[in-house]
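Take a look at the letters that make up each chain.
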Amino acid sequence: MGKVSESIFSGKTHVIPMADVCYLQRQKQLPLSKKPAPVWVIMKDSKYDYENGDWHNAPFLLAEEAASFTRCWCDYRAELESETLMDLTPDAQT
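Rules of the game
- Residues numbered from 1 in each chain as written.
- Predicted model: local features only at pLDDT ≥ 70, side-chain atom pairs only at ≥ 80, totals over all residues.
- Heavy atoms only, no water.
- Helix = DSSP H or I, 4+ residues; strand = E, 2+ residues; numbered from the N terminus.
- Rg over C-alpha atoms; globule rule 2.2 N^0.38 Å.
- Buried < 20%, exposed > 50% of the residue type's maximum accessible area, 1.4 Å probe, protein only.
- Salt bridge = Lys/Arg side-chain N within 4 Å of Asp/Glu carboxyl O.
- Polar contact = N/O pair within 3.5 Å; in protein donor to acceptor, adjacent residues only side chain to side chain.
- Lys, Arg positive; Asp, Glu negative; His and termini not counted.
- Contact = heavy atoms within 4.5 Å.
- Pairing = 2+ DSSP bridges.

What follows concerns the overall build of the protein chain. A count of helical and extended segments in the protein chain gives one helix and seven strands. Overall, the protein chain shows an N-to-C arrangement of helices and strands of β-β-β-β-β-β-β-α. For 94 residues, the compact-globule formula gives about 12 Å, and the C-alpha radius of gyration of the protein chain, at 16 Å, lies well above that figure. Taken along its principal axes, the extent of the C-alpha atoms in the protein chain is 60 × 35 × 25 Å. Taken over 94 residues, the protein chain has a buried fraction of 29%.

So, on to the pattern of salt bridges. Counting across every chain of the model gives two salt bridges. Between Glu 81 and Arg 77 there is a salt bridge; the shortest N-O distance is 2.3 Å. Overall, the relative accessible area of 27% leaves Glu 81 in the partly exposed class. Exposure remark for Arg 77: the relative accessible area of 30% places this residue in the partly exposed category.

Topologically, Glu 81 is positioned in the segment after helix 1 (63-80). Measuring from C-alpha to C-alpha, the distance between Glu 81 and Ala 66 comes to 22 Å, with 15 residues separating the pair along the chain. Here the side chain of Glu 81 touches Arg 77 through a polar contact of 2.3 Å, side chain to side chain.

Checked against the element boundaries, Asp 49 lands in strand 5 (residues 47-49). We note that Asp 49 is buried and unpaired, the nearest opposite charge coming from Lys 47 at a distance of 13 Å. At 2.8 Å, the side chain of Asp 49 and the side chain of Asn 52 are in polar contact. Every residue in contact with Asp 49, bar those within four places of it in the chain, is listed here: Asp 54 and His 56.

The buried fraction of strand 4 (residues 39-43) is high, at five of five residues. Neither face of strand 4 is exposed, since Val 39, Val 41 and Met 43 on one face and Trp 40 and Ile 42 on the opposite face are all buried. Here strand 3 (residues 21-26) runs beside strand 4; their pairing, made up of five bridges, is antiparallel. Paired with Tyr 23 across the bridge in strand 4 is Ile 42.

Turning to unusual backbone geometry, a few remarks are in order. Generally, phi is negative for residues other than glycine and the peptide bonds are trans, each holding for most cases. Of note, the phi angle at Asn 57 is positive, near 60 degrees, even though the residue is not glycine. Relative to the assigned elements, Asn 57 resides in the loop between strand 6 (54-56) and strand 7 (60-61). Even without a glycine there, the phi angle at Ala 63 is positive, about 30 degrees.

Spelled out as structure tokens, the structure:
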């Protein structure tokens, strides 16, 4: 396993431990909106409420905070899995 430079996201409204995040569920972007789409951050202890159609114990991030978290999450996963990721750069053999 690789080492990560940052394991906790600290945004405007949420502080999220990256190790507890299972996946991100992006919501539909509003028509004609230039803002990033909101995101549900599904955690290891999140439960889906079928009756209401939403999540319990899952942070819901709006616009800029969602975009910032998505960037941080991608960086975190890339650092964590750096040793197992395939190198796709072309060989320099001539």
